[in-house]
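If you want the building blocks of each chain, they are given just below.
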Amino acid sequence: MAKELDELIDVQDGYDEDGAFMLTTVRMGKANIIFYLLSKFNKYYELHPISAVKAEDETDEEYNIRQLYYMENSQENALQVAFKYANKSYDVKNNGIYVLNVIEGLPADGKLKPGDRIFRIDDETLERSESFIQYVQGKSKGDTITVHFERDGVKQKTEIKIDILPETDKPGIGIALVEDKEVETDPKVTIKTDEIGGPSAGFMFSLEIYNQLIQEDITKGYKIAGTGTISEDGTIGRIGGIEQKVVAAHKAGAEIFFAPNENGSADSNYRAAVKTAKDINTKMKIVPVDTFEDAIEYLKNLKAK
């Protein structure tokens, strides 16, 4: 689907827009006979092996938590990028370490769960994943550490013994982790994403937030869709399902579609988007972008309706 972002994002006392920025998403679920048949007769319904979607030994719970984390992180990056380019103040607060998944049979199994937020080990308060790794790898097999974490809003602690991890041959407890950050802004921004997961909306989030922060309406009255991850430095990254997202944007009446250019790579999202646009015979203009600044420059030079 393609959905207008001003319905999902509200910047306190932000400016209105005549056009619209649009989020594009792909719906995905476990295949059945109906979807199998659809994939045979409609080229924009696709079947993928589970191994192409989920990590090895990853449970459904771990997959969902990973996708929700990616969505949350994309929002935080979008806030940083938008506020930076709008010259508005913001602060980044590090809340600790976020557990993405727990490896079965290793020390953390049964002690920690995906979604836990680790904020201290023993007497060490840790904000970044590098500090966590360095601290744990400084221990020896059999050493016990006390892990302080938050689960469902409740602070807890547990003791875990260090072991030598088979994949790295280094001390560890057997978790995949990332940093948990929170961007605090003035003015406040509310983002409602319901059950949408993954990082691919980050770039479009940043455009909508930026447009509500500044007086000039950079939509120029157009319906503008697009996709791509966003890094805190403004780099736009590759996503999956670009073909389906082009189809969704076309059906929603978008006139412009931003696609990750990947520095001109031969198999870039942009090239796939152009091919799809020709295939469905849309008049929607496909625009390649590598950075947030690329998109802003394009919109600044766009003739208003």
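If you're wondering where the values come from, they're calculated on a predicted model, not measured in any experiment. (Residues numbered from 1 in each chain as written. Predicted model: local features only at pLDDT ≥ 70, side-chain atom pairs only at ≥ 80, totals over all residues. Heavy atoms only, no water.)

Visitor: Please explain the overall build of the chain as it appears in this structure.
Guide: Along the chain, the regular secondary structure elements total seven helices and 17 strands. For the chain, the C-alpha radius of gyration of 22 Å lies close to 19 Å, the compact-globule estimate for 305 residues. Counting only C-alpha atoms and orienting by the principal axes, one finds that the chain spans roughly 65 × 50 × 35 Å. Put simply, the chain has 305 residues, and 47% of those count as buried. Long-range pairs, those at least 24 residues apart, make up 71% of the contacts in the chain between residues at least 6 apart in sequence. By element, 44% of the accessible surface of the chain is carried by carbon and sulfur atoms, the whole surface being about 16400 Å². The chain carries 38 positive and 54 negative side-chain charges, and their two centres are separated by 4 Å. (Helix = DSSP H or I, 4+ residues; strand = E, 2+ residues; numbered from the N terminus. Rg over C-alpha atoms; globule rule 2.2 N^0.38 Å. Buried < 20%, exposed > 50% of the residue type's maximum accessible area, 1.4 Å probe, protein only. Contact = heavy atoms within 4.5 Å. Areas by Shrake-Rupley, 256 points an atom, 1.4 Å probe, with all protein chains shown as cover. Lys, Arg positive; Asp, Glu negative; His and termini not counted. Charge placed at Lys NZ, Arg CZ, Asp CG, Glu CD.)

Visitor: Can you walk me through the sheet that holds strand β16 (residues 256-260) in this structure?
Guide: Strand pairing in a sheet relies on backbone hydrogen bonds, with the paired strands running either antiparallel or parallel. Read across the open sheet, the five strands follow the order β1-β3-β13-β16-β17; overall the sheet is mixed. Of all the strands in the sheet, the pair left with one neighbour each is β1 (2-4) and β17 (285-289). Recorded for the sheet is a direction-independent mean angle of 30° between the axes of neighbouring strands. In this sheet, strand β3 (residues 20-24) lies alongside β1 in antiparallel orientation, the contact comprising three bridges. Within β3, the position partnered with A2 by the bridge is T24. (Pairing = 2+ DSSP bridges. Axes fitted to C-alpha atoms, helices over the stretch in contact; angles between N-to-C directions.)

Visitor: I tried to follow the pairing of strand β4 (residues 90-102) on my own but got confused; where do I start?
Guide: Successive side chains on a regular strand alternate, one facing one side of the sheet and the next facing the other. The sheet contact formed by β4 and strand β11 (residues 175-185) spans 11 bridges and is antiparallel. Bridge pairing links Y90 to T185 in β11. Where β4 and strand β5 (residues 117-121) come together, two bridges link them in antiparallel fashion. Its bridge partner lying in β5, I97 is registered against I118.

Visitor: How should helix α4 (residues 202-213) be read in this particular structure?
Guide: The α-helix advances 3.6 residues per turn, and as a result positions three or four apart in sequence lie on the same side. For α4, built from 12 residues, the straight-helix expectation of 16 Å at 1.5 Å per residue is met to within 8% by its first-to-last C-alpha distance of 17 Å. Every buried residue of α4 is accounted for by G202, F203, M204, F205, S206, L207, E208, I209, Y210, N211, Q212 and L213. (Expected span 1.5 Å × (residues − 1).)

Visitor: I would appreciate a short explanation of the side chain of N77 in the present structure.
Guide: Among the structural elements, N77 can be located in helix α2 (residues 60-85). By relative accessible area, which is 7% here, N77 ends up buried. A polar contact of 2.6 Å, which involves the side chain of N77, links it to the side chain of K181. What N77 contacts, discounting residues up to four positions off in sequence, is K181, I230, S231 and E232. (Polar contact = N/O pair within 3.5 Å; in protein donor to acceptor, adjacent residues only side chain to side chain.)

Visitor: Please explain the environment of P107 as it appears in this structure.
Guide: One can find P107 in the loop between β4 and β5. Spatially, the C-alpha atoms of P107 and L177 are 15 Å apart, while their sequence positions differ by 70 residues. When sequence neighbours within four positions are dropped, the list of residues in contact with P107 reads I160, K161, D163, G172 and I173.

Visitor: Looking at this structure, how should I read the side chain of S200?
Guide: With respect to the helices and strands, S200 occurs in the loop between β12 (189-191) and α4. Only 3.0 Å separates the side chain of S200 from the side chain of K245, close enough to count as a polar contact. Once you skip the residues sitting within four places of it in the chain, S200 turns out to touch T227, G228, T229, I239 and K245.

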